Amino acid sequence: MSRRRRIYEGKAKVLYEGPEPGTLVQYFKDDASAFNNQKRGVITGKGVLNNRISEYLMSRLGEIGVPTHFVRRLNMREQLVREVEIIPISVKVRNVAAGSLSKRFGIPEGTPLPRSIIEYYYKSEELGDPIVSEEHITAFGWAAPQDLDDMMALSLRINDYLTGLFLGVGLRLVDFKLEYGRLWENEEMRIVLADEISPDNCRLWDIKTNDKLDKDRFREDLGRVEEAYQEVARRLGIFPEGGPGEVKGPKAV
Ligand code: TMP
């Protein structure tokens, strides 16, 4: 294969120049990091599974009218995406207390939240991705009020849809992180969902046992990390048991 131009390399993914203008190839690595890069490791097979899981979830979201950057999966580790201008704000949606929210407010992990909570974080590795308010975002010009309105509305819609989708396969969507980008089409700008949705950026707990089936297994050294990613794919019906050709539908529980 000819050498492609590498546009960006992150902790878990690489972005290459795409085959047509306005497209990129998103390559999923097995590398894992946590605590702002202080903990690093490899989760064997994670890239292959996250490529499939994100393809599945972005496709379902696309079908209900959520605009995303996803075009199609190209192979085991790569997908074709639309090139967008990434908004430097991560959006976290939380349904159940866990992680940094539990720590910040002293709320025991697993406590259901009175309603879904949306948080914004400024994407800056050197600052450790600080939590920010809408005031910071609009005053510093990271996003316009209308962009934020769109991101908030899309995030709530994504939360409603994914909560139901995961519940159907016996998983509680505790929280997750989203990234958005700006896409220009005929002088018009649209906010679209970008990056990935996978057990790297979601907390997913088994509905019956509360077993963690996400990157917390890596963060907290809980063991069976690879198995957790495989289990999420299996429940969604996209884990190829008999090789890449054999993919069943979601398994209702
Ligand atoms: P937190 O509780 O550590 O703030 O994480 C909330 C959610 O966001 C959780 O599902 C993991 C995800 N997340 C990322 O995707 N990237 C990150 O850098 C962090 C800190 C969290």
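One can find the structure itself at the top, above this paragraph.
Before going into details, it helps to say that this report is about the structure given with it. Keep in mind that this is a model prediction, so the values were computed, not measured.

A few points about the site of the ligand
Taken together, 13 residues sit near the ligand, with Lys 92, Arg 94, Ser 100, Asp 175 and Arg 203 positioned nearest. Contacts to the ligand include Ser 100, whose side-chain N or O atom sits 2.5 Å from an oxygen atom. Here Arg 203 contributes a side-chain N or O atom positioned 2.9 Å from an oxygen atom of the ligand. Relative to its unbound accessible surface of 450 Å², the ligand loses 77% to contact with the protein. For the shell around the ligand, the residue count by class is 3 nonpolar, 3 polar and 7 charged.

A word on the packing of aromatic side chains
Using the criterion set out here, one finds 2 aromatic pairs in the structure. Taken together, a centroid distance of 3.8 Å and an interplanar angle of 15° make the contact between Tyr 122 and Trp 142 stacked. With Tyr 122 in strand E9 (residues 112–122) and Trp 142 in the loop between helix H3 (134–139) and helix H4 (145–167), the pair connects residues that are 20 residues apart, well separated along the chain. Take Trp 142: its relative accessible area is 17%, and that puts it in the buried class. Put simply, the rings of Tyr 122, Phe 140 and Trp 142 touch in pairs and so form one group of aromatic residues. Between Arg 60 and the ring centre of Tyr 56, over which it is positioned, the NZ or CZ distance is 4.8 Å.

Points about the environment of Arg 60
Along the chain, Arg 60 turns up in helix H1 (residues 46–63). Sequence-wise, Arg 60 and Leu 156 are 96 residues apart; in three dimensions their C-alpha atoms are separated by 15 Å. Setting aside residues up to four positions removed in sequence, Arg 60 forms contacts with Tyr 161 and Leu 165.

Let's talk about the sheet that holds strand E6 (residues 70–73)
Strand order in the open sheet formed by 5 strands is E1-E2-E3-E7-E6, with antiparallel pairing between adjacent strands. The strands lining the two open edges of the sheet, one partner per strand, are strand E1 (6–9) and E6. Direction aside, neighbouring strands of the sheet carry axes that sit 25° apart on average. In the sheet, E6 pairs with strand E7 (residues 78–82) via 3 bridges, with the strands oriented antiparallel. Within the sheet, the bridge partner assigned to Arg 72 lies in E7 and is Leu 80. Strands strand E3 (23–28), E6 and E7 of the sheet are contacted by H1, whose axis makes an angle of about 130° with E6.

Things to note about the side chain of Arg 203
With respect to the helices, strands and loops of the structure, Arg 203 is situated in strand E13 (residues 202–206). Among the polar contacts made by the side chain of Arg 203, one reaches the side chain of Asp 216 at a distance of 2.7 Å. For Arg 203, the contacting residues outside a window of four places in its chain are Arg 94, Ala 98, Gly 99, Arg 172, Leu 173, Val 174, Asp 175, Asp 214, Asp 216 and Arg 219.

Topic: the pattern of salt bridges
One pass over the full model with this rule turns up 33 salt bridges. Linking Arg 73 and Glu 55 is a salt bridge whose minimum nitrogen-to-oxygen distance equals 2.8 Å. Taken together, the residues span a long stretch of sequence, with Arg 73 in strand E6 and Glu 55 in helix H1 at a distance of 18 residues. Accessibility expressed as a relative area gives 22% for Glu 55, which makes it partly exposed. The shortest N-O distance in the salt bridge between Arg 219 and Asp 216 comes to 2.6 Å. Separated by 3 residues within a single helix, Arg 219 and Asp 216 lie in helix H5 (residues 216–219), roughly one turn from each other. Its relative accessible area of 21% is what places Arg 219 among the partly exposed residues.

Considering the pairing of strand E5 (residues 39–42)
Examined bridge by bridge, strand E4 (residues 31–34) and E5 share 4 bridges and lie antiparallel to one another. Paired with Ala 34 across the bridge in E5 is Lys 39. Counted along the chain from E4 to the antiparallel partner E5, the turn is 4 residues long, and its residue Phe 35 has a positive phi close to 55°.

Parameters and conventions
- Residues numbered from 1 in each chain as written.
- Predicted model: local features only at pLDDT ≥ 70, side-chain atom pairs only at ≥ 80, totals over all residues.
- Heavy atoms only, no water.
- Near = heavy atom within 4 Å.
- Polar contact = N/O pair within 3.5 Å; in protein donor to acceptor, adjacent residues only side chain to side chain.
- Areas by Shrake-Rupley, 256 points an atom, 1.4 Å probe, with all protein chains shown as cover.
- Nonpolar A, V, L, I, M, F, W, Y, C, P; charged D, E, K, R; others polar.
- Phe/Tyr/Trp six-rings, centres within 6.5 Å; stacked < 30°, edge-to-face > 60°.
- Helix = DSSP H or I, 4+ residues; strand = E, 2+ residues; numbered from the N terminus.
- Buried < 20%, exposed > 50% of the residue type's maximum accessible area, 1.4 Å probe, protein only.
- Lys NZ or Arg CZ within 6 Å of the ring centre and 35° of its normal.
- Contact = heavy atoms within 4.5 Å.
- Pairing = 2+ DSSP bridges.
- Axes fitted to C-alpha atoms, helices over the stretch in contact; angles between N-to-C directions.
- Salt bridge = Lys/Arg side-chain N within 4 Å of Asp/Glu carboxyl O.

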